[in-house]
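Inside the fold
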Amino acid sequence: MKVLAVNGSPRKNENTAVLLRSALGGAHENGAETRLVNLYDLNFKGCLSCFACKRKGSLCNGICAVKDDLKEVLEYALSCDVIFLGSPIYFGEVTGVMRSFLERLIFPNLSYNDGELSTFPGKIASGFIYTMNVPKDVMEKINYEAIFTQNQRLLELFHGKSEILISNDTYQFHDYSKYDASRFD
């Protein structure tokens, strides 16, 4: 079994990364080959809307045609049995690099043909870990659930079960006394 974790946080050793490494640890303990990718280490952009993946006779096979640092990650991702995604919530949404990753992962596998949603021939289970300093009641009031559900449905285009883990009220700083942040402790 192959398991990939994709970290959409700029912090490689904080909340999101810790939870992703924990998920990978459990997979590794159960015999899986595991790998962690930090998106902020890569040079890439979101979908360029080139439609190379939608052309008749395309050889893309579900992999974005753009050749940049993300290409090898996308190839690896589509060969996995499980993908864990993790992102902090910034201004009510996943980070920009995570959104760009999702565009490049999902769009080449989204069918434009009647009667089919996905062109992906395999099955990949997924889990999405969301971290935020927002308390649960505020998260519910703002309706972040809509964002989480939309991403879950998109990941189900890979024909596997998709689960969500939410971590509320997370740490932003190691020493809050050094920051103008009286609303948080």
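Residues numbered from 1 in each chain as written. Predicted model: local features only at pLDDT ≥ 70, side-chain atom pairs only at ≥ 80, totals over all residues. Heavy atoms only, no water.

Next up on the list: unusual backbone geometry. Positive phi values are uncommon outside glycine, yet Ser 49 reaches one of about 55°. Along the chain, Ser 49 turns up in the loop between strand S2 (33-38) and helix H2 (71-77). (Helix = DSSP H or I, 4+ residues; strand = E, 2+ residues; numbered from the N terminus.)

Attention now moves to the pairing of strand S1 (residues 2-7). The buried fraction of S1 is high, at five of six residues. Bridge count between S1 and S2: six bridges; the pairing is parallel. Looking across to S2, one finds that Val 6 is bridged to Val 37. Running through helix H1 (residues 15-29), the crossover from S1 to the neighbouring parallel element S2 is right-handed. (Buried < 20%, exposed > 50% of the residue type's maximum accessible area, 1.4 Å probe, protein only. Pairing = 2+ DSSP bridges. Right-handed = clockwise from strand over helix to strand, strands pointing away.)

Of all eleven residues in helix H3 (residues 96-106), eight are buried; the element is thus mostly enclosed. Looking only at H3, the buried set comprises Val 97, Met 98, Ser 100, Phe 101, Leu 102, Arg 104, Leu 105 and Ile 106.

Glancing now at the pattern of salt bridges. Taken as a whole, this structure holds six salt bridges when the rule is applied. Lys 12 serves as the salt-bridge partner of Asp 41, at 2.9 Å between the closest nitrogen and oxygen. One end of the pair, Asp 41, is in the loop between S2 and H2; the other, Lys 12, is in the loop between S1 and H1, and 29 residues separate them in sequence. For Asp 68, the salt bridge identified is with Arg 104, shortest N-O distance 3.0 Å. With Asp 68 in the loop between S2 and H2 and Arg 104 in helix H3, this residue pair connects regions lying 36 residues apart in the sequence. With relative accessibility at 2%, the residue Arg 104 sits in the buried group. (Salt bridge = Lys/Arg side-chain N within 4 Å of Asp/Glu carboxyl O.)

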